[in-house]
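# Survey of secondary and tertiary structure
This is what each chain is made of:
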Amino acid sequence: MKTPVLLCILLFSQSWAFEFIIDGEWESEMSGPLDQYHKSGRYRRNVLTSGEEENFEAIQGSDITVKSYKVESRITSRFAHTTVKSSVVNSGPKSQSIGFNVQIPKRAFINNFTMNVNGITFVGSVMEKTVARNLYAQARARGKAAGIVRTNSQAMETFRTEVHVPPGSKVEFELHYQEMMQRKLGEYQHTLHIQPGRLVPLLQVDVYIFEPKGIKFVTAPNTLGEQFSDITKITHTKEKAHVVFKPTLQQQRKCENCTESAVDGVFTVKYDVERESNAGELQVSDGHFVHFFAPSDLTPLSKNIVFVIDVSGSMWGLKMKQTVEAMKAILEDLSMDDYFSIIDFNHNVRCWSEDLVQASSIQVDEAKKYIQSIKPNGGTNINEALLRAVQMLVRASSQGLIDPRSVSMIILVSDGDPTVGEIKLSTIQKNVKRVMREDFSLFSLGIGFDVDFDFLERIAMDNRGVAQRIYANHDAAEQLKAFYSQVSSPLLRTITIHFPENTVNNVTQNRFDKFFSGSELIVAGKLQPSDLTTLQSFTTASAANMDMNIQTEAYIQELDSALSTHQHSFNGFARQMWAYITVNQLLAERSLASTANKKRKITQRIVALSLEHQFVTPLTAMLVEGQDQGRAERLIADSPKDSKHGCCSATASSSGSVPVRQLVYQKPPWVLPTPAPTLGEATGTHEIIPNHVIIVDNDPHFIIHLPRSNMDICFNIDSKPGHILNLVSDPGTGVTINGQLVGSKKMKNNKINTYFGTISIYSKTDGVQVIVGTNRIDLMEGRNNHSFSWGATAELMLNRMKVTIVKEQQVTVEIDGRISVMVLLHRVWKKHPVQVDFLGIYMPSDNNYSAKVHGLIGQFAQEPEVKVYGVHEGADPKKKEAIMEVKGNKLAVTRGWQKDYRRDKKRGSDVYCWFVHNNGKGFVDGSYTNYILPQLDSFLSAL
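Criteria and thresholds
- Here, residues in each chain are numbered from 1, in the same order as that chain's written sequence.
- Totals for whole chains, interfaces and linings use all residues, but because this is a predicted model, local features are given only for residues with pLDDT of at least 70 and pairs of side-chain atoms are given and counted only at 80 or more.
- Each side-chain value is worked out from all heavy atoms of the structure, with water and hydrogens disregarded.
- UniProt positions are given in the numbering used here, feature names are shortened, and annotations may be inferred rather than shown by experiment.
- Summary of the burial criterion: residues with accessible area below 20% of their type's maximum are buried, those above 50% are exposed, and those between are partly exposed, where the area comes from a 1.4 Å probe applied to protein chains only.
- Secondary structure elements are taken from DSSP: a helix is a run of H or I of four residues or more, a strand is a run of E of two residues or more, and numbering for both begins at the N terminus.
- A pair of strands counts as paired when DSSP detects no fewer than two bridges linking them.
- By convention in these notes, a salt bridge is any Lys or Arg side-chain nitrogen within 4 Å of a carboxyl oxygen on Asp or Glu.
- The contact rule is simple, with two residues in contact once any of their heavy atoms fall within 4.5 Å.
- A fitted line through C-alpha atoms serves as each axis, taken over the contacting stretch for helices, and the angle formed by two N-to-C directions is quoted from 0 to 180°.
- In this analysis, a patch consists of residues with relative accessible area above 30% that form no salt bridge, clustered at 9 Å for like charges and at 5 Å for the nonpolar side chains Val, Leu, Ile, Met, Phe, Trp and Tyr.
- Accessible areas in this description were obtained via Shrake-Rupley with a 1.4 Å probe; residue shielding takes into account the shown protein chains only.
- In this count, Lys and Arg are taken as positive residues and Asp and Glu as negative ones, while His and the chain termini are left out.
- Lys charges are placed at NZ, Arg charges at CZ, Asp charges at CG and Glu charges at CD.
- Defined by distance alone, a disulfide is two cysteine sulfur atoms within 2.5 Å.
- Here the expected span of a helix is defined as 1.5 Å times the quantity of residues minus one.
- Along the arc lie the directions from the helix axis toward the C-beta atoms.
- What is meant by a nonpolar core is a set of buried Ala, Val, Leu, Ile, Met, Phe, Trp, Tyr and Cys residues, joined one to another through side-chain atoms within 4.5 Å.
- For Phe, Tyr and Trp, rings pair up if their centres lie within 6.5 Å, where Trp contributes its six-membered ring, and each pair is then called stacked (planes under 30 degrees apart), edge-to-face (over 60) or tilted (otherwise).

Identification of the chain as Inter-alpha-trypsin inhibitor heavy chain 2 from Culter alburnus is taken from an unreviewed UniProt entry. Entered under Sequence similarities (unreviewed entry) in the UniProt record, the comment concerning the chain runs "Belongs to the ITIH family." As stated in UniProt under Subcellular location (unreviewed entry), the record for the chain gives "Secreted".

Across the nine residues of strand β37 (residues 735-743), seven count as buried, placing the element largely inside the fold. For strand β36 (residues 724-730) and β37, the ladder comprises six bridges, and the chain directions are antiparallel. Along β37, the bridge assignment pairs N726 with N738. Where β36 folds back on β37, the antiparallel hairpin that results is connected by four residues, among which G734 adopts a positive phi of roughly 75°. Bridge count between β37 and strand β38 (residues 754-763): nine bridges; the pairing is antiparallel. Bridging from a neighbouring strand, G743 pairs with T754 of β38.

The next subject is the pattern of salt bridges. Across all of its chains, the model carries 39 salt bridges by this definition. Between K802 and E795 there is a salt bridge whose closest N-O contact spans 3.8 Å. Here D910 makes a salt bridge to K899, at a shortest N to O gap of 2.6 Å. A residue pair is termed long-range when its members are at least 10 positions apart, and D910 in strand β50 (residues 909-916) and K899 in strand β49 (residues 889-900) qualify at 11 residues. On the basis of relative accessibility, which here comes to 27%, the residue K899 falls in the partly exposed class.

Another aspect to go through is the sheet that holds strand β28 (residues 521-527). Read across the sheet, four strands follow the order β16-β17-β28-β26 without closing on themselves; strand pairing throughout is antiparallel. Looking along the sheet, the strands with just one partner apiece sit at the ends: β16 (281-285) and β26 (504-505). Pairing between β26 and β28: two bridges, direction antiparallel. For V504, the partnering residue across the bridge sits in β28 and is L527. Sheet strands in contact with helix α10 (residues 573-592) are β16, β17 (288-293) and β28, and its direction is about 70° off that of β17.

To continue, consider a positive patch on the surface. Positive charge collects at one region of the surface, where K213, K238, K807 and K830 lie side by side. Position of K213 among the secondary structure elements: in the loop between β11 (202-210) and β12 (215-219).

To continue, consider the sheet that holds β12. As summarised here, the arrangement of the four strands in space is β9-β10-β15-β12, forming an open sheet in which the pairing is antiparallel. Each edge of the open sheet is held by one strand with a lone partner, namely β9 (183-184) and β12.

Overall, the coordinates contain two disulfides when judged by the stated rule. Note that C255 is cross-linked by a disulfide to C258, the S-S spacing being 1.7 Å. When the S-S torsion is 95°, as for the bridge of C255 with C258, the disulfide is right-handed. When its relative accessible area of 18% is taken as the criterion, C258 is described as buried. Paired through a disulfide, C714 and C913 show a sulfur-sulfur distance of 1.9 Å. Around the S-S axis, the bridge from C714 to C913 shows a dihedral of about -120° and counts as left-handed. Of the two residues, C714 is situated in strand β35 (residues 711-716) and C913 in strand β50; the sequence distance between them amounts to 199 residues. Here C714 matches C913 in class, with each residue buried. Cysteine pairing for the chain, with bonded cysteines counted in sequence order: 1-2, 3-4.

Moving on, we come to helix α8 (residues 476-487). In this model α8 runs 17 Å from its N-terminal to its C-terminal C-alpha over 12 residues, within 8% of the 16 Å that 1.5 Å per residue would give. Within α8, the full set of buried residues consists of A476, A477, Q479, L480, F483, Y484 and V487. Summarising the axial view, the buried residues of α8 lie within an arc of 165°, below the 170-degree limit, and thus occupy one face.

It is worth spelling out the pairing of strand β29 (residues 534-542) at this point. Counting buried positions along β29 yields seven of nine residues, so the element is predominantly enclosed. Judged from the four bridges that link them, strand β25 (residues 490-498) and β29 form a sheet pairing that is antiparallel. Bridged to I497 within β29 is T539. Bridging between β29 and strand β30 (residues 547-555) involves nine bridges; their strand directions are antiparallel. Along β30, the bridge assignment pairs T539 with I550.

This paragraph deals with the nonpolar core. Judged by nonpolar contacts, the single largest core of 91 residues is most densely connected at F289, L492, L796 and F923. The contacts of L796, once residues within four sequence positions are left out, are M546, D547, M548, L779, F788, M801, K802, V803 and I805. Ranked by size, the runner-up nonpolar core spans 55 residues in total, among them V102, V126, F245 and V263.

Time to look at the packing of aromatic side chains. Considering all chains together, one arrives at 22 aromatic pairs under this definition. The interplanar angle of 80° and the centroid separation of 5.8 Å between the aromatic rings of F79 and Y580 together place this pair among those described as edge-to-face. With F79 in strand β3 (residues 79-90) and Y580 in helix α10, this pair connects stretches of sequence that are 501 residues apart. The class of F79 is buried, set by a relative accessible area of 0%. Here the aromatic rings of F340 and W352 are separated by 5.2 Å at their centres, their planes lie at 20°, and the arrangement is stacked. Here the residue F340 occupies a position in strand β19 (residues 339-345), and W352 occupies one in the loop between β20 (349-351) and β21 (357-358), the gap between them amounting to 12 residues. In terms of burial, F340 and W352 fall into one category: buried.

A few words on the environment of V866. Its place among the elements puts V866 in strand β47 (residues 866-872). Take V866: its relative accessible area is 13%, and that puts it in the buried class. When the C-alpha atoms of V866 and S709 are compared, they prove to be 7.2 Å apart, with 157 residues separating the residues in sequence. Aside from chain neighbours lying at most four places away, what touches V866 is L706, S709, M711, M884, E885 and V886.

Structure below.
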């Protein structure tokens, strides 16, 4: 969160009829983050006062005419470029000051401001702050008037400027700022403050959204008042959305004959994007890339939480009431897999429980009673409270209470400075850093206007967490609960997103401690010059019960071609987003720099990037210049004195080189495609099957390879849609493989064809089930469920089971290196009148089953004796006929062929075989109906 903004605009010629200056304060570039003390030895505080809540008007002046007020945002791939324009006339008889005020999000960077006053145009450019300091001093020496810019709301900053103009003057203002959308609780929220302060003939807000992978939803909840409920219009296609708010002059009035405007509030647009898979979305544009990672459908990790609550005297009243209310709801949200405790502190430190306890309903109820009984009083001993919290987590880890795959965190809630024990903030920060383990995180919540938020933010960032200011008003409890909701559902740990060597450089933070449900991790960088047509990324992470290695790729030229065709997209989004993320991460590093030399080097990098990308940051200023009759006019726009927020949650910035483990799917030998048959194979006189593979594909055709006989036997199963057929049932190894049939869309030749639409591989020994469908792949272990789409290549490890997904191609499941199954995906045209998507199953003949194995395929693990004789011409001259002796039966068989689709999924390769009629009767034990099961994880009963 930024400190209160000082956006300064200075005009230097005393002879002009209009002038404006805004006062500011300058930070010493040499000062370090740990040496800015008051005389008392404490940090200079970054505080807000309740008096900053004030009535806000975008255009200020006593006798003016506002011709127009327009706001336009172009959001492309989560990066927003917003322009605010207004045209104003001094319609009064005297010279007066006209104010132009814009509230912008705290995380946004102003990157341009222009103003035209009676034909004189001032154009902005970002310069080093030292230049601005000198110009500022010159202006003050000339005795110019001054005003201030300050924060006046929870999430916004105010850009203010005033220009003094003679009667009849026309002034046009235009401000540009950029920001990256942050995903919270499953959506992006774009906020615009629309407070013109008067009726405007042309008042219009346009928000254009372009998301290349598609927009899942877009809404614009009415927050301006009931009378505007039907004015906002939304048009929405797959990739684009346009939200427009354009009230007429009459619609703006507070009442039918009122001269006051009812437009006074926040205009909000919420949306989310379509995600094809859990691999994330890789976009390449303008020589830069951005990787978005926001997986879902994963089982949350269990949590170990120590709540550290300030109960000093300053928390008395509304603050404590709201904290208690929020804590009761938060405790209720804990699951049985979570462990927790509570530490409350004033001048003393108390533990509700000295050790972490499981979040059972009984323990949660006891904790709620304890919270309810707290009576605030005394001083504030933050140091000892945090050290006790860390000790509690360390002890739980040493005792084996903490699951290695769980997430451990401390959540601190405080409203003031330490007054008891260690009170030197730099020492407290060092003490906590020294004892914190790499897998613990600290989150800080500062309640109230006078909390030292700078300190809370530094100590959180230093320990893989984030901080948030909680405003002590009527909805403080909701703010606390909303923050907890963002961190209550961790899905992944130790996430790394990396790229092949010599393909990218200047990569932003690419290692993350945690990923929380509903959020998003973003990595950006520059492309290295090459002849590559695609860029790949590799993501590794640990989930609740598995390790993930996921690959995705993007065509380098594809997105730029698409952007060139969209009128309202922001073509430079990737370049600016990379700079935005990089500058924010450097600002966070700068705030934690331990020496003046380190801080100076980081400062130089920030300034260089800010100048290149025209960002008004805490270390730069905007010089606005114009010319009239040969005389130069100069203005300066300054930004906050410092910024101590990081771009990304979780870990400190890390973009150093890491060993890249490229996920290159290595096919087992049996997965290799069958070569085209020879003439001898086609006639049945000579058979060489190089790959010992059993196949079930199409509607469904079974091809059973018998290695000892060097022979392939085929049969069909004609069952009904919805039936579950057992393919392999092996109680000895605890493995069962079943397939569920799906029917064609309509009859063909008076028959509904059936195909396998779902394949289940279940290892009872491991308690793991993999369900492969045509839309997604589900992995389940007890209460842990994870879903993946076919949209990315991934490698997943669950106990002894390895699952490899090849994008839009196949899934291979290996169990303990002994049993392998490949499921092949067949896609058909979505509008095909008859066919549906379906799956094929391929298994090696040498899978290592037990002697108890059975099933439509499993029974042939013990190969039966087969004899074929009496080969003769059949009714079809292309298909010979013969007699087969097998399992004591004499069967009439026909020489035919089926398809192996491993080489070519459209046409397939012919596999010649002896075909057994009537659903394999006589070749298969019993009737095929004996293999119909009730559930996908069922084992076959004895026949």
